[in-house]
2 protein chains.
Amino acid sequence: MWSNHINYYLSMRTHELVLGWIEKQLSDGHLVLGGRLPAERALAEQLEVSRTSVREAIRILEAMGLVRAGVGSGKDAGTVVIAEPAMALGAALRLHVATQHLPVADIVETRVLLESWAVSRAKADAPEFGEAARLLDEMDASSAVDDFLALDVAFHLALAEAAGNAVVSTIMGSLREAIEGYAAALTANLPDWESTARRLRSEHRAILEAVNDGDGGRAATLVAAHIEGYYREAGLGQAPAEARP
Amino acid sequence: MWSNHINYYLSMRTHELVLGWIEKQLSDGHLVLGGRLPAERALAEQLEVSRTSVREAIRILEAMGLVRAGVGSGKDAGTVVIAEPAMALGAALRLHVATQHLPVADIVETRVLLESWAVSRAKADAPEFGEAARLLDEMDASSAVDDFLALDVAFHLALAEAAGNAVVSTIMGSLREAIEGYAAALTANLPDWESTARRLRSEHRAILEAVNDGDGGRAATLVAAHIEGYYREAGLGQAPAEARP
DNA sequence: GGACTTGTGTGGTTAGACCACACTCTATGC
DNA sequence: GCATAGAGTGTGGTCTAACCACACAAGTCC
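Calculation notes
- Residues numbered from 1 in each chain as written.
- Chains lettered and ligands numbered in written order.
- Predicted model: local features only at pLDDT ≥ 70, side-chain atom pairs only at ≥ 80, totals over all residues.
- Heavy atoms only, no water.
- Axes fitted to C-alpha atoms, helices over the stretch in contact; angles between N-to-C directions.
- Helix = DSSP H or I, 4+ residues; strand = E, 2+ residues; numbered from the N terminus.
- Parallel < 35°, antiparallel > 145°, perpendicular 65-115°, else oblique.
- Left-handed = near helix turned anticlockwise from the far one by under 90°.
- Contact = heavy atoms within 4.5 Å.
- Nonpolar A, V, L, I, M, F, W, Y, C, P; charged D, E, K, R; others polar.
- Buried area = accessible area lost by both parts, 1.4 Å probe.
- Salt bridge = Lys/Arg side-chain N within 4 Å of Asp/Glu carboxyl O.
- Least-squares fit on C-alpha atoms with pLDDT ≥ 70 in both.
- Buried < 20%, exposed > 50% of the residue type's maximum accessible area, 1.4 Å probe, protein only.
- UniProt positions renumbered as here; feature names shortened; annotations may be inferred.
- Expected span 1.5 Å × (residues − 1).

A. Seen up close, the packing of helix α6 (residues 104-121) of chain B against helix α11 (residues 216-234) of chain B. Residues and elements named next belong to chain B. Where α6 contacts α11, the two axes come as close as 8 Å, and the packing angle between them is 155°. One element, α6, and the other, α11, form an angle in the roughly antiparallel class. Relative to α11, α6 is oriented so that their crossing is right-handed. Judged by residue contacts, Val108, Arg111, Val112, Glu115, Ser116, Val119 and Ser120 of α6 engage Gly216, Ala219, Ala220, Val223, Ala224, Ile227, Glu228 and Tyr231 from α11. Considered class by class, the residues forming the contact of α6 with α11 number nine nonpolar, three polar and three charged.

B. Expanded view of the interface of chain A and chain B. Listed per partner, the contact involves 48 residues of chain A and 49 residues of chain B. Here chain A meets chain B over a buried area of about 4300 Å², counting both sides, of which 68% is carbon and sulfur. Linking chain A to chain B there are 10 salt bridges. Ionic pairing is found between Arg59 of chain B and Glu56 of chain A, a salt bridge with its closest N-O pair at 3.3 Å.

C. Up close: the relation of the copies chain A and chain B. Superposing chain A onto chain B takes a rotation of 180° plus a shift of 0.0 Å along the axis, which leaves an RMSD of 0.1 Å. Taken together, the rotation angle and the small translation identify this as a two-fold axis. Taken as a fraction of all interface residues of chain A, those also at the interface in chain B reach 100%, which identifies the copy contact as same-surface.

D. Quick peek at the pattern of salt bridges. Summed over all chains, the structure comprises 44 salt bridges over all chains. Where Arg199 of chain B meets Glu203 of chain B, a salt bridge forms, and the shortest distance between an N and an O atom there is 3.0 Å. With a gap of four residues between them, Arg199 of chain B and Glu203 of chain B both fall in helix α10 (residues 193-212), about one helical turn apart. Take Arg199 of chain B: its relative accessible area is 28%, and that puts it in the partly exposed class. When salt bridges that share partners are traced, they join Arg13, Glu16 and Glu56 of chain A together with Glu40, Arg51, Arg55, Arg59 and Glu62 of chain B into one network.

E. Layout of the side chain of Ser53 of chain A. Residue and element names in this part refer to chain A. Secondary-structure assignment places Ser53 in helix α4 (residues 51-63). Ser53 gets classed as buried once you look at its relative accessible area, which sits at 13%. Not counting chain neighbours up to four residues away, the residues in contact with Ser53 comprise Thr14, His15 and Val18.

F. The arrangement of the environment of Leu26 of chain A in detail. Tracing the chain through its elements places Leu26 of chain A in helix α2 (residues 14-27). Spatially, the C-alpha atoms of Leu26 of chain A and Leu61 of chain A are 12 Å apart, while their sequence positions differ by 35 residues.

G. Focus on the environment of Phe148 of chain A. Residues and elements named next belong to chain A. Its place among the elements puts Phe148 in helix α8 (residues 145-162). Each C-alpha atom of the pair Phe148 and Leu135 lies 9.9 Å from the other, and the pair is 13 residues apart in sequence. Excluding its chain neighbours within four sequence positions, the residues that come into contact with Phe148 are Met139, Ser142, Trp193, Ala197, Leu200 and Arg201.

H. Local environment of the UniProt feature "domain: HTH gntR-type" (unreviewed entry) in chain A. Residues given the UniProt feature "domain: HTH gntR-type" (unreviewed entry) here are residues 12-84 of chain A. A helix fraction of 48% and a strand fraction of 11% characterise residues 12-84 of chain A, whose end C-alpha atoms lie 27 Å from each other.

I. Structural context of helix α8 (residues 145-161) of chain B. Residue and element names in this part refer to chain B. The end-to-end C-alpha distance of α8, which contains 17 residues, comes to 24 Å, matching closely the 24 Å that a straight helix rising 1.5 Å per residue would cover. All buried positions along α8 are accounted for by Phe148, Leu151, Asp152, Phe155, His156, Ala158, Leu159 and Ala160. Where the residues of α8 are buried, they touch α6, α7 (127-141), α9 (166-187), α10 and α11.

Okay, here's the thing in structure tokens:
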């Protein structure tokens with residue numbers, strides 16, 4: 001059509017141009033959470049680029065957890081703006097772990113740091129702790145391993161969210177997701193799941209108790225020991241120091 | 001060609017299939033850092049998909065900081081595996097900040113947490129501190145604002161890396177990048193840059209001194225005050241609590 | 001021997017076509 | 001009158017085939 005009038009001298013690839021346009025729409029508030037992007041064909045025509053380039057830009061936004069593409073028409077159709085950074089960051093971290101650039105031990109350590117900070121900083125009357133208590137009751141009633149683990153994820157996420165810092169809870173969620181595959185595979189190898197589950201339950205209760213006492217420091221210590229103990233038992237986070245660059 | 005024999009029932013999009021193949025190559029060690037992916041056309045033929053789908057997968061990997069695509073032939077040509085999660089995560093965070101889903105204040109708070117943890121945990125004889133000291137000497141000699149800020153970035157990155165946790169330093173880098181645009185714009189508005197620079201210099205020296213004394217706790221306190229003070233002066237991180245969801 | 005031309009392989013971009021899907025409208029039959 | 005089957009419409013998903021810009025390598029001319 002116009003074959004590189006614009007982006008040739010800027011040495012900017014076409015899909016980056018599209019990306020820039022969309023980012024501007026977001027910054028300016030013309031695109032808001034839950035809103036829909038123009039249809040791919042319409043956007044391509046409007047920006048005078050090919051649909052391919054528009055699609056590449058959308059793939060990138062999708063990978064970042066900023067939009068979700070849905071086929072068909074009506075409710076879930078079209079490309080809509082969402083806000084799910086945790087899943088996106090988690091996938092990215094997972095891939096970097098696969099390249100052995102990010103040691104699993106460092107991820108576990110970071111998780112301990114963030115989660116213990118969250119409980120030590122949160123106020124005891126934060127609503128998330130009520131939710132956390134409810135989840136513990138549910139865990140007492142569930143015997144299946146999968147159910148237990150799903151509730152465990154929700155419990156720890158609730159703790160992370162109690163501090164009221166969206167960035168910390170987002171990163172927590174993505175760290176967890178990045179190593180979930182490793183942890184789940186090893187859970188099956190635990191010597192005695194029942195006794196482990198019993199220990200985890202009591203440790204969870206102790207953490208919440210410390211929080212309710214207003215003793216953030218104790219809560220942080222308990223959380224750190226809880227997480228480190230679990231991964232140690234599962235055989236994770238033992239990467240030798242010489243494996244690092 | 002074969003129009004959805006495979007991924008129809010798996011409800012998996014074609015580019016995700018490509019993504020999965022590449023991730024497996026990474027996990028299995030068939031693709032290593034610095035290695036090159038097969039050419040797009042070759043990969044498309046090998047996986048029996050269109051080049052379009054291969055390209056969408058590569059765009060995603062590029063957005064995650066896992067590969068870099070280069071045209072031409074020879075040295076920098078082809079799609080090579082890299083490991084630059086910081087830039088990629090930074091871009092993602094920046095976009096989420098644009099949607100106002102991640103408050104700038106939370107990013108600053110997280111940065112304070114990670115960086116103060118890093119200096120408190122690092123050993124005083126970590127080589128990164130030597131590099132940090134060298135950077136400070138360079139800062140003393142530089143008067144231009146841009147040079148000063150670039151060295152400042154390098155200094156703080158060196159502090160973050162001193163703890164030896166790749167995940168923490170990566171996240172630190174991306175947090176910094178996500179708000180760099182905001183901070184840079186406000187720097188020009190500082191009442192008196194010269195006096196600010198003088199203060200920053202002395203605070204930097206004090207931090208390194210605490211580290212050298214082996215007093216990680218004091219270093220952490222100083223780092224926290226240093227960062228918070230800077231952003232407060234620049235007018236960032238003041239988001240009111242009611243702005244949060 | 002040096003400067004030029006050609007060849008080759010890479011990613012970058014485009015146009016146009018078709019598919020699967022989910023909804024909406026409209027005729028059809030009772 | 002109303003319920004249902006069918007056509008219509010708009011969405012993203014995929015594919016093909018072609019061309020461009022680039023960077024290097026090898027041959028070619030002077």
